[in-house]
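# A look at the structure
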Amino acid sequence: MTSEIVRLTVNGRVREALTEPRKTLVDFLREDLHLTGTHIGCEHGVCGACTVLADGVAVRSCLMLAVQAKGAEVTTIEGLEFEGKLHPLQEAFRESHSFQCGFCTPGFMMTAMELLNEGLPFGERELREHLSGNLCRCTGYQSIVDGVLLAVEKVARGQSSTGTDTIPEGSPAAEDAMP
Ligand code: FES
Ligand code: FES
């Protein structure tokens, strides 16, 4: 099978690698870009562990080919922190003990980020529905919901929601993303 160049923006940086057309986005991120924060669970779209944002939409990167992401803006769990500071969602998860083994955590966070990035108010019921496609084998669902709701409070208190789809102007990542 002929390999081809896949060029896309990941966490604000333009990245490219030669890869086979059959390679999934999650394998591309982990193996070719060495971004191993995105986890692989079921590999067939059920568990949500591999969730990343592609052009702002939460996608299962085990179901998407890397070649389908050409030109996309992808955000992975590594893109949440900014200049060494945790994102409010990461801080909220830590404070709310929203993980046990942590395997599902990147997927839950990126799914939650899709909702947080909308910037619209939502309640616990809507949040639970939004997260319902992600599985936690440790069954810590209540603390995950608590973590996201705490993140909403943190953002409302003024901790900015950076490092996701919007890279602040002047940051190294923004400069790298320039054409
Ligand atoms: S690894 Fe992609 S949904 Fe489970
Ligand atoms: S914290 Fe272990 S799978 Fe969710």
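Residues numbered from 1 in each chain as written. Chains lettered and ligands numbered in written order. Predicted model: local features only at pLDDT ≥ 70, side-chain atom pairs only at ≥ 80, totals over all residues.

### Quick look at helix H2 (residues 88-95)
This is how it is decided: Exposure is read from a count of other C-beta atoms within 10 Å of each residue's own; the residue is exposed at 12 or fewer, buried at 20 or more and partly exposed in between. C-beta atoms are placed from the backbone. Segments assigned H or I by DSSP are reported as helices when at least four residues long, segments assigned E as strands when at least two residues long, and all are numbered from the N terminus. Note: the arc covers the axis-to-C-beta directions of the helix. We call two residues in contact when the distance between their C-beta atoms, placed using the backbone, is within 7 Å.
Of the positions making up H2, those classed as buried are Pro88, Leu89, Ala92 and Phe93. Seen from one end, H2 has its buried residues packed into an arc of 135°, which puts them on one side. The secondary structure elements touched by the buried residues of H2 are helix H3 (105-118) and helix H5 (141-156). After H2 finishes, the residue His97 shows a positive phi value of roughly 55°.

### Description of the confidence of the model for the protein
Threshold: A residue's pLDDT is simply how confident the predictor is in it, with values from 0 to 100.
Of the residues in the protein, 88% reach a pLDDT of 70 or more, and the chain-wide mean stands at 90. Under a pLDDT of 50 for its full length, residues 162-179 has, in the predicted model, 34 contacts with residues more than four places off or in other chains.

### Regarding the sheet that holds strand S4 (residues 57-60)
Selection criterion: Paired strands are those between which DSSP finds at least two bridges. Axis definition: a line fitted to C-alpha atoms, limited for helices to the stretch in contact. Angles are taken between N-to-C directions and run from 0 to 180 degrees.
Ordered by their spatial adjacency, 5 strands build an open sheet running S2-S1-S5-S3-S4, and the pairing between neighbours is mixed. In the strand order of this sheet, the two ends are held by strand S2 (13-19) and S4, each with one partner. Neighbour-to-neighbour, the strand axes of this sheet turn through a mean angle of 40°, independent of strand direction. By the bridge criterion, 7 bridges tie strand S1 (residues 4-10) to S2 in an arrangement that is antiparallel. By the bridge assignment, Ile5 is partnered in S2 with Leu18.

### Structural notes on the pairing of S1
In summary, the side chains of a regular strand alternate between the two faces of the sheet. Joining the antiparallel neighbours S1 and S2 is a turn of 2 residues, in which Asn11 adopts a positive phi near 50°. Here S1 pairs with strand S5 (residues 73-75) via 2 bridges, running parallel. Across the sheet, the residue bridging to Val10 is Val74, located in S5.

### A closer look at unusual backbone geometry
Unusually for a residue other than glycine, Glu43 sits at a positive phi of about 65°. Along the polypeptide, Glu43 turns up in the loop between helix H1 (25-32) and strand S3 (51-54).

### Some words on the environment of Gly158
With respect to the secondary-structure elements, Gly158 resides in the loop between H5 and helix H6 (172-177). Measuring from C-alpha to C-alpha, the distance between Gly158 and Pro88 comes to 9.8 Å, with 70 residues separating the pair along the chain.

### Let's talk about the packing of H2 against H5
Pairs of packed helices are described in terms of their axes, by the angle between the two and the distance that separates them. Defined as follows: Note that the term roughly parallel is reserved for angles under 35 degrees, roughly antiparallel for angles over 145, roughly perpendicular for angles of 65 to 115, and oblique for everything else. The handedness criterion is simple: a crossing whose near helix is rotated anticlockwise from the far helix by less than a right angle is left-handed, and one whose near helix is rotated clockwise is right-handed. Polarity classes work like this: nonpolar for Ala, Val, Leu, Ile, Met, Phe, Trp, Tyr, Cys and Pro, charged for Asp, Glu, Lys and Arg, and polar for all others, with Gly in that last group.
H5 packs onto H2 with a crossing angle of 130° between their chain directions and a minimal axis gap of 8 Å. Classed by the angle they form, the pair H2 and H5 counts as oblique. The chirality of how H2 crosses H5 is right-handed. Packed against H2, whose contacting residues are Pro88, Leu89, Glu91, Ala92, Phe93 and Glu95, the element H5 presents Gly147, Leu150, Ala151, Lys154 and Val155 at the interface. By residue class, the composition of the contact of H2 with H5 is 7 nonpolar, 1 polar and 3 charged.

### Examining the nonpolar core
Keep this limit in mind: What we call a nonpolar core is a set of buried Ala, Val, Leu, Ile, Met, Phe, Trp, Tyr and Cys residues whose membership is set by joining through C-beta atoms within 7 Å.
Core analysis: the largest hydrophobic core is formed by 40 residues, its most contacted members being Ala69, Leu89, Met109 and Ala112. Residue assignment for this core shows that the elements contributing at least two residues are S1, H1, S3, S4, H2, H3 and H5. Counting residues per element, this core draws most heavily on H3, at 6 residues. Among residues more than four places away in sequence, those in contact with Ala69 are Val6, Leu8, Leu25, Ala54, Met64 and Val74.

### A look at the packing of helix H4 (residues 124-131) against H5
Contact pair H4 / H5: the axes reach a minimum separation of 11 Å and the direction vectors enclose 120°. Between H4 and H5, the interaxial angle falls into the category oblique. The way H4 lies across H5 gives a crossing that is right-handed. In contact with Glu124, Leu127, Arg128 and Leu131 of H4, H5 contributes Ile144, Val145, Val148 and Leu149. For the contact of H4 with H5, a count of residues per class yields 6 nonpolar, no polar and 2 charged.

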